[in-house]
Amino acid sequence: MKHTTGEKIFYTVNYLILALVGLSCLLPLIHIAAVSLSDKHAIASGSIAFWPVNLELSGYKALLKETPVVEAFRNSVVITVVGTALNMVASILAAYPLSKRYFIGRRVYSFGIIFTMLFGAGLIPSYLLLKSLGLINSYWALWLPGLVSVWNMMVLRSFFEGMPEELEEASRIDGCSEWRLITQIVLPLSTPVLAALSLFYAVGHWNSFMSVLIYINDSSKHNMAVLIQQMIQNSSLMQEMANVQPDLALSLTPEGVKAAGIIVMTIPMLIVYPFLQRYFVKGVMIGAVKG
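Keep in mind that this is a model prediction, so the values were computed, not measured.

### Observations regarding the overall build of the protein
Reasoning step 1: Along the backbone of the protein there are 16 helices and zero strands.
Reasoning step 2: Relative to its full complement of 291 residues, the protein shows a buried share of 35%.
Reasoning step 3: Restricting the contact set of the protein to residue pairs at least 6 apart, pairs at least 24 apart contribute 73%.
Reasoning step 4: Of the roughly 17400 Å² of accessible surface on the protein, a fraction of 68% belongs to carbon and sulfur atoms.

Quick look at the structure:
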């Protein structure tokens, strides 16, 4: 099918804009990676663009030896994996019954859930509630308040509503129970949208900063986002390293260590995303067709 001249111009302009947007996101990351791999003199002179100058790994060595990055990384993994699993289970259990027309009270429950999307209690009431429940300084304070994203649940509900009713009827005729219908028929057919929503939840948990800072008082439970923020604001980092390992501190700059920390935090999501990318567009579009 041949495109008209107007369509060709539109696609060309569209691709150029998308390329510029993509480069605006990619180039800063490449620059930070180059800084993290360059030596002290190149960083101080500001001569680094998008390629390391005098390849040096001292920033990563200092990050591993002199900061609790391994512990923070483990905390981020726990928060992300457990939180995403809980989010998906809760979203499925909420979206599936609301997708059935015969579910009694469907509109009432839907209104109550959507109402929470429009109005929130606020930070202070939420903190007092979690404190009264004894969840402060516990990861449950991060998982429970955002257990279900209303938007994600609505996308999943729209996907379930789009499934043929004949499929459910045939399953019931064969003696399929409700749980077996969900686990062996509905969920396998919902792989695209489940993968897309899992990615949304996982990125949110991995990058969670303010909630960890507010609800987690024990520094040993902090995640990577909080650790990197503390490194950026901590002006005495290099002085502490100089006192512990003078030889290592001579080859370091604060910018190099901070850049190494940012790269360590970013890499896991960059690794996970390609595996879910093929489901991403399909899952979002399918869930949004009837929405």
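From this point, the discussion proceeds with the structure in view.
### Comments concerning the pattern of salt bridges
Reasoning step 1: Counted under the stated rule, the structure contains six salt bridges.
Reasoning step 2: Residue glutamate 165 is joined to arginine 101 by a salt bridge in which the shortest nitrogen-to-oxygen separation is 3.0 Å. Of the two residues, glutamate 165 is situated in helix H9 (residues 165-173) and arginine 101 in the loop between helix H4 (69-98) and helix H5 (106-118); the sequence distance between them amounts to 64 residues.
Reasoning step 3: Judged by its relative accessible area of 47%, glutamate 165 falls in the partly exposed class.
Reasoning step 4: Linking arginine 172 and glutamate 168 is a salt bridge whose minimum nitrogen-to-oxygen distance equals 2.8 Å. Here arginine 172 pairs with glutamate 168, and both are found in helix H9, just four residues apart, close to one helical turn.
Reasoning step 5: With a relative accessible area of 34%, arginine 172 lands in the partly exposed category.
Reasoning step 6: On the basis of relative accessibility, which here comes to 12%, the residue glutamate 168 falls in the buried class.

Conventions we followed
- Residues numbered from 1 in each chain as written.
- Predicted model: local features only at pLDDT ≥ 70, side-chain atom pairs only at ≥ 80, totals over all residues.
- Heavy atoms only, no water.
- Helix = DSSP H or I, 4+ residues; strand = E, 2+ residues; numbered from the N terminus.
- Buried < 20%, exposed > 50% of the residue type's maximum accessible area, 1.4 Å probe, protein only.
- Contact = heavy atoms within 4.5 Å.
- Areas by Shrake-Rupley, 256 points an atom, 1.4 Å probe, with all protein chains shown as cover.
- Salt bridge = Lys/Arg side-chain N within 4 Å of Asp/Glu carboxyl O.

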